[in-house]
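Summary of the model geometry
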Amino acid sequence: MVTMIEIGVSDNVSTTEKGKLLETLGREVLETMQYDVIEEIRLTGIEVDLLAKHRMIPK
């Protein structure tokens, strides 16, 4: 089964704003699925936009 979500934004929306919108949507979906979410965390050599850990099954 394939599920698709399509998001429409104005032509004048910047790439940064589009990215932030998708991060916000991702965070809301993950929190709905019982995940704790940390935004924009820096790890050795990389930056992660969203880091999630399940509340009931922490791995």
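Report on the accompanying structure. Every chain begins its residue count from 1, and numbering advances along the sequence as written. Residues qualify for local features only when their pLDDT is at least 70, as the model is predicted, and side-chain atom pairs are given and counted only at 80 or more; totals for whole chains, interfaces and linings, by contrast, use all residues. Computation of side-chain values: all heavy atoms of the structure, hydrogens and water removed.

1. A look at unusual backbone geometry
With phi around 70°, Gln34 is a residue other than glycine that occupies positive phi space. Looking at the secondary structure, you find Gln34 in the loop between helix H1 (15-32) and strand E1 (35-43). Unlike most non-glycine residues, Glu40 shows phi in positive territory, near 45°. Among the structural elements, Glu40 can be located in strand E1. A residue is classified by how much of its surface remains accessible, and Glu40, at 46% relative accessible area, is partly exposed. Under the scheme used here, helices are H or I runs from DSSP no shorter than 4 residues and strands are E runs no shorter than 2 residues, and both carry numbers assigned from the N terminus. For each residue, the accessible area found with a 1.4 Å probe, counting protein chains only, is set against the maximum for its type, and the residue is called buried under 20%, exposed over 50%, and partly exposed in between.

2. Focus: a nonpolar patch on the surface
Residues Ile5, Ile7, Val9, Leu21, Leu22, Leu25, Val29 and Met33 make up a contiguous nonpolar surface patch of about 670 Å² in total accessible area. Looking at the secondary structure, you find Val9 in the segment before H1. For patch detection, residues must exceed 30% relative accessible area and be free of salt bridges, and they are connected within 9 Å for like charges or within 5 Å for nonpolar side chains (Val, Leu, Ile, Met, Phe, Trp, Tyr). Note on areas: these come from Shrake-Rupley sampling with a 1.4 Å probe, and a residue is covered only by the protein chains present in the view. Whenever a carboxyl oxygen of Asp or Glu lies within 4 Å of a side-chain nitrogen of Lys or Arg, that contact is scored as a salt bridge.

3. Examining the pattern of salt bridges
Evaluated as defined, the whole model comprises 6 salt bridges. Among the ionic pairs, Glu31 bridges to Arg27, the shortest N-O distance being 2.9 Å. Taken as a pair, Glu31 and Arg27 lie in helix H1 at a separation of 4 residues, close to a single helical turn. Classification of Arg27 by relative accessible area gives partly exposed; the value is 24%. Salt-bridge contacts for Glu39 lead to Arg27; the nearest nitrogen and oxygen are separated by 2.9 Å. Taken together, the residues Glu39 in strand E1 and Arg27 in helix H1 connect sequence positions 12 residues apart. You can call Glu39 partly exposed: its relative accessible area is 27%.

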